[in-house]
Amino acid sequence: MGNLLDPQQLLGSFGAVGLFVVLFAETGLLVGFFLPGDSLLFSAGILAATPATSAAHLPLTSALVAAAAGALLGAQTGYLIGRRAGPPLLHRPDRPRVRAAALRAQGVLDRYGHRKAIVLARFIPVVRTLMNPLAGAVHVPAGLFSLWQVVGGLVWSVGVILVGYLLGTRIPGIEQYVLPIIAVVVVVSLVPVGLELLKARRRPSER
């Protein structure tokens, strides 16, 4: 049985199906905020770059389709859950971690507006789990949410896999350095958020 917190073991046990399930849970269900979305995507790309004869090989097409489907369907499910259950779902005092994450997601939504927040949230662990039900709970228009969650979901899921795949095809033995590289990927994925924060700080001084 695969360990849900160990990307390589999970992919080795369940392959593309495991990739789909974890991304769906992380982006669509409130219990999924502890799941390793970024590291799982990167590991999937590395495994796709291994020789087809290797037991660890994961077909690139299968990985891309499973990741995109899980990320997009999960986000849409989270939105529908939030739309139906409303704000009380995210602000329960008996679930302080969910409440704290919901407040962080609300801060991103308030700061950047619907479009940017939905896209940027994909690159922020925990926030990407809570942004989707939050968007439903505060009644972000369904069409607007669907469009931008698809944009953000594809850039995140497909993009991180392709980064892992390209590095895997060019650097022999890269699987030995997965953990430090994943840390770099997470940091790089936060660059868009950092740029937006810098822009937000400069605006008041420019007025």
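Below is a summary of the structure that appears in this document. Source: prediction; values computed, not measured.

This brings us to the overall build of the protein. When helices and strands are counted, the protein shows eight helices and zero strands. For the protein, the α and β elements follow one another from N to C terminus as α-α-α-α-α-α-α-α. Relative to its 207 residues, the protein shows a buried fraction of 46%. Restricting the contact set of the protein to residue pairs at least 6 apart, pairs at least 24 apart contribute 73%. With the model as given, the accessible surface of the protein reaches about 10200 Å², and the carbon-plus-sulfur share is 67%.

For the structure shown, the criterion picks out two salt bridges. Residue R128 pairs with E26 through a salt bridge whose shortest N-O separation is 3.0 Å. Taken together, the residues R128 in helix α5 (residues 127–137) and E26 in helix α1 (residues 7–28) connect sequence positions 102 residues apart. One exposure class covers both R128 and E26, and it is buried. With a closest N to O distance of 2.9 Å, R128 and D38 form a salt bridge. Taken together, the residues R128 in helix α5 and D38 in helix α2 (residues 37–48) connect sequence positions 90 residues apart. Under the relative-accessibility criterion, D38 is labelled buried at 5%. Several salt bridges converge on common partners, so that one network encompasses E26, D38 and R128.

Here the focus is the packing of aromatic side chains. With the rule as written, the count across this model stands at two aromatic pairs. Relative to F24, the ring of F20 lies with its centre 6.1 Å away and its plane at 25°, an arrangement referred to as stacked. One end of the pair, F20, and the other, F24, are both in helix α1, four residues apart, so they sit about a helical turn from each other. An angle of 15° between the planes, with centres 4.4 Å apart, marks the rings of Y79 and F145 as stacked. Pair noted here: Y79 is in helix α3 (residues 60–85) and F145 is in helix α6 (residues 142–170), with a separation of 66 residues, a long-range link. For F145, a relative accessible area of 0% gives the class buried.

Turning next to empty space enclosed by the protein. Tallied over the full model, the rule gives one cavity of 30 Å³ or more. What the largest cavity holds in volume is close to 30 Å³. As for the largest cavity, its lining consists of I118, A121, R122, R128, M131 and N132. Per element, the largest residue contribution to the lining of the largest cavity is three residues, and it comes from α5. Residue composition of the lining of the largest cavity, by class: three nonpolar, one polar and two charged.

Turning to unusual backbone geometry, a few remarks are in order. You will see that V126, though not glycine, has its phi angle at about 75°, which is positive. For V126, the position within the fold is in the loop between α4 (96–120) and α5. Residue classification places V126 among the partly exposed positions, given a relative accessible area of 21%. One non-glycine residue, H139, lies in the positive phi region at around 60°. For H139, the location among the structural elements is in the loop between α5 and α6.

Calculation rules
Going along each chain's sequence as written, the residues are numbered from 1 onward. For a predicted model such as this one, the threshold for reporting local features is a pLDDT of at least 70, and the threshold for listing and counting side-chain atom pairs is 80 or more; totals across whole chains, interfaces and linings nevertheless cover every residue. Processing note: side-chain calculations cover all non-hydrogen atoms of the structure and skip hydrogens and water entirely. Strands are runs of DSSP state E lasting at least 2 residues, helices are runs of H or I lasting at least 4, and numbering of each runs from the N terminus. In this scheme, a residue with accessible area under 20% of its type's maximum is buried, one over 50% is exposed, and one in between is partly exposed, where area comes from a 1.4 Å probe on protein chains only. Residues count as neighbours in contact if any of their non-hydrogen atoms are within 4.5 Å of one another. Method for areas: the Shrake-Rupley scheme with a 1.4 Å probe, in which residue coverage is limited to the protein chains shown. Salt bridges are defined as contacts in which a side-chain nitrogen from Lys or Arg sits within 4 Å of a carboxyl oxygen from Asp or Glu. Two rings from Phe, Tyr or Trp (for Trp, the six-membered ring) form a pair when their centres are within 6.5 Å of each other. A pair whose planes differ by under 30 degrees is stacked, one over 60 is edge-to-face, and the rest are tilted. Think of a 1 Å grid over the protein atoms and nothing else: a 1.4 Å probe that fits but is trapped marks a cavity, an open set flanked by protein within 12 Å on at least five of seven lines marks a pocket, and residues with an atom within 4 Å of a point count as lining. Grid points are joined across faces, edges and corners, and a volume is the space filled by probe spheres set on the points. When residues are grouped by polarity, Ala, Val, Leu, Ile, Met, Phe, Trp, Tyr, Cys and Pro land in nonpolar, Asp, Glu, Lys and Arg in charged, and all others, Gly among them, in polar.

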